[in-house]
Amino acid sequence: MKTTVFLAALGAVGITGVTAASAQQIGFEWEGSVEIGVDSTVSSDDASAELTDTYVSISAAFEAALTNRITAFGGLTLESVTDAVDSRELDDLGLYVSELGLRFDLGGATVSAGKISPVFGVAWDAAPGFYGTSLAEDYELSEMIGLRADTELASTGGVLSFALFYADDTFLSDSIGTKRGRNSVAAGGAGNTGKLNNFAIQYSQEIGSGTGWVGLRKLSAGTGDASDENGIIAGMAQDLGNGFETLIEVAHFSGAGGNDENATYATLGGAYGMGVWTFSSTGTIVDREAGTDSMIALGADRVLTENSEINFGLARFDVDGVKSTSVGLAAVVSF
């Protein structure tokens, strides 16, 4: 699902206003994707982790214009909602709402309210290859209740995004089918406070043939947490020409995950496009006080049609002192 189009992924930060305008013109628009794949841990220091997960993931998103300046938005996802503890085939599937709310066009800015995805970082979504996002996904912000504002600064042309939020603890946090369970403040976790006392801010700027970004966030301590989490991030994606692209991102957290420890993530990815093929390599290092985790991954993606592709990945992980090797293969269709 992740090809070399790093810069297109970055554009999602600034597309909010554009998609809202399109929805206003045509009334309703939607998009989605289906991914069917196999993710297999073929060797591991922990024998119980050697398993194969044959999975399907289906997602759909919509926008509908209610007035000239108000747009309804939403998203649904069907996927396995529990971690695999043994080999499984298309099991533990649950349907849940990933986003739902209203977006207001204020002229020079858009404000989204409801269940939102605050902007913080890019590597968790755009690092290349089947396994490229694996460790960076730790700091993804999604399924939050709150407000998000996006505006393009006339003075620089950059996009500034700001959000106030807390982890979804409504009935929308559960799923239909396999139940993942409704979240509650009592469950704890950084940002799971039931109050708008968490924030994320990020600025993104096109720089020649690339895009750079910097951001800050604070997740307040939840029930039982030792401290607030404070994070800072910076990165850049660059089109090097002749089919080569690269992405680098570094994020540092104090009180990571609400624990009394620091963590630094560094991700470097590169890809080379050659006709219908894209070859990639991504590495991530996570430096924690308790030790260092790492991942190095290789990927090969082949475009089949305008809206379909095949992804292959091979990765070597060293997480919590356990070394493992994984291989994956997926077919992705977008519509």
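A few points on the structure. (Residues numbered from 1 in each chain as written. Predicted model: local features only at pLDDT ≥ 70, side-chain atom pairs only at ≥ 80, totals over all residues. Heavy atoms only, no water.)

Brief notes about the overall build of the protein
When you go through the protein residue by residue, the secondary structure sums to three helices and 18 strands. Taken over the C-alpha trace, the protein has a radius of gyration of 20 Å; the compact-globule value for 335 residues is 20 Å, and the two agree within 12%. Each of the three principal axes of the protein carries a C-alpha extent, and together these read 55 × 50 × 40 Å. The proportion of buried residues among the 335 residues of the protein is 43%. Of the contacts formed within the protein by residues at least 6 apart in sequence, a portion of 56% connects residues at least 24 apart. With an accessible surface of roughly 15600 Å², the protein has 59% of that area assigned to carbon and sulfur atoms. A gap of 5 Å separates the mean positions of the 16 positive and 44 negative side-chain charges of the protein. (Helix = DSSP H or I, 4+ residues; strand = E, 2+ residues; numbered from the N terminus. Rg over C-alpha atoms; globule rule 2.2 N^0.38 Å. Buried < 20%, exposed > 50% of the residue type's maximum accessible area, 1.4 Å probe, protein only. Contact = heavy atoms within 4.5 Å. Areas by Shrake-Rupley, 256 points an atom, 1.4 Å probe, with all protein chains shown as cover. Lys, Arg positive; Asp, Glu negative; His and termini not counted. Charge placed at Lys NZ, Arg CZ, Asp CG, Glu CD.)

A closer look at the nonpolar core
Counting 35 residues, the largest nonpolar core has Tyr 139, Leu 141, Phe 165, Phe 253 and Tyr 265 as the members making the most contacts within it. Counting residues per element, the ones that place at least two in this core are α3 (123-126), β8 (159-167), β11 (210-219), β12 (229-241), β13 (244-254), β14 (262-274), β16 (291-305) and β17 (308-319). With residues near it in sequence (within four places) discarded, Tyr 139 still touches Phe 120, Ala 123, Trp 124, Arg 217, Ile 233, Glu 249, Ala 251, Phe 253 and Tyr 265. (Core = buried A, V, L, I, M, F, W, Y, C linked by side-chain atoms within 4.5 Å.)

Examining the packing of aromatic side chains
Under the counting rule described, the total for this entry stands at 12 aromatic pairs. Taking the centre distance of 6.1 Å and the plane angle of 55° together, the rings of Phe 120 and Phe 253 count as tilted. Of this pair, Phe 120 sits in the loop between β6 (109-116) and α3 while Phe 253 sits in strand β13; the two residues are 133 residues apart in sequence, bridging distant segments of the chain. The buried category is assigned to Phe 253, whose relative accessible area is 3%. Here a set of aromatic residues connected by ring pairs shows up, and it is made of Phe 120, Tyr 139, Phe 253 and Tyr 265. Arg 103 extends its terminal NZ or CZ atom over the ring of Phe 73, reaching a point 4.3 Å from the ring centre. (Phe/Tyr/Trp six-rings, centres within 6.5 Å; stacked < 30°, edge-to-face > 60°. Lys NZ or Arg CZ within 6 Å of the ring centre and 35° of its normal.)

Thoughts on the side chain of Glu 63
Mapping Glu 63 onto the fold places it in strand β2 (residues 52-65). In this structure the side chain of Glu 63 is engaged in a polar contact, spanning 2.6 Å, whose partner is the side chain of Arg 103. (Polar contact = N/O pair within 3.5 Å; in protein donor to acceptor, adjacent residues only side chain to side chain.)

So, the pairing of β6
As judged from the six bridges shared by strand β5 (residues 93-105) and β6, these two strands associate in the antiparallel manner. Opposite Asp 105, over in β6, you have Thr 110 as the bridge partner. Counted between consecutive antiparallel strands, the loop separating β5 from β6 contains three residues, among which Gly 107 sits at a positive phi close to 95°. Of the pairings in the sheet, the one linking β6 to strand β7 (residues 144-152) comprises eight bridges and is antiparallel in character. Each residue of the ladder has a partner; that of Val 111, found in β7, is Ala 149. (Pairing = 2+ DSSP bridges.)

Remarks on unusual backbone geometry
The phi dihedral of Asp 92 is positive, around 60°, even though this residue is not glycine. Following the sequence through the fold, Asp 92 ends up in the loop between β4 (88-89) and β5. For Asp 92, a relative accessible area of 23% translates into the label partly exposed. The backbone phi angle of Asp 320 is positive, close to 55°, even though this residue is not glycine. One can find Asp 320 in the loop between β17 and β18 (322-334). Taking the relative accessible area as the measure of exposure, Asp 320 reaches 67% and is therefore exposed.

A short note on the environment of Gly 212
Its place among the elements puts Gly 212 in strand β11. Since its relative accessible area comes to 11%, Gly 212 is described here as buried. Apart from the residues lying within four places of it in its own chain, the contact partners of Gly 212 are Tyr 203, Ser 204, Gln 205, Ile 207, Gly 235 and Met 236.

Digging into the pattern of salt bridges
Going through the model one piece at a time under the given rule, you end up with 13 salt bridges. Across the salt bridge formed by Arg 288 and Asp 293, the nearest N and O atoms sit 2.6 Å from each other. The class for Asp 293 is buried, based on a relative accessible area of 7%. Salt bridges sharing partners connect three or more residues here, namely Lys 115, Glu 143, Asp 168 and Arg 180. (Salt bridge = Lys/Arg side-chain N within 4 Å of Asp/Glu carboxyl O.)

Thoughts on the pairing of β12
Judged from the 10 bridges that link them, β11 and β12 form a sheet pairing that is antiparallel. Paired with Lys 218 across the bridge in β12 is Asn 230. Relative to β13, β12 runs antiparallel, the two sharing 11 bridges. Residue pairing across strands places Met 236 opposite Ile 248, the latter belonging to β13. Hairpin connection, β12 to β13: the antiparallel pair is bridged by two residues, and Asn 242 has positive phi, about 55°.

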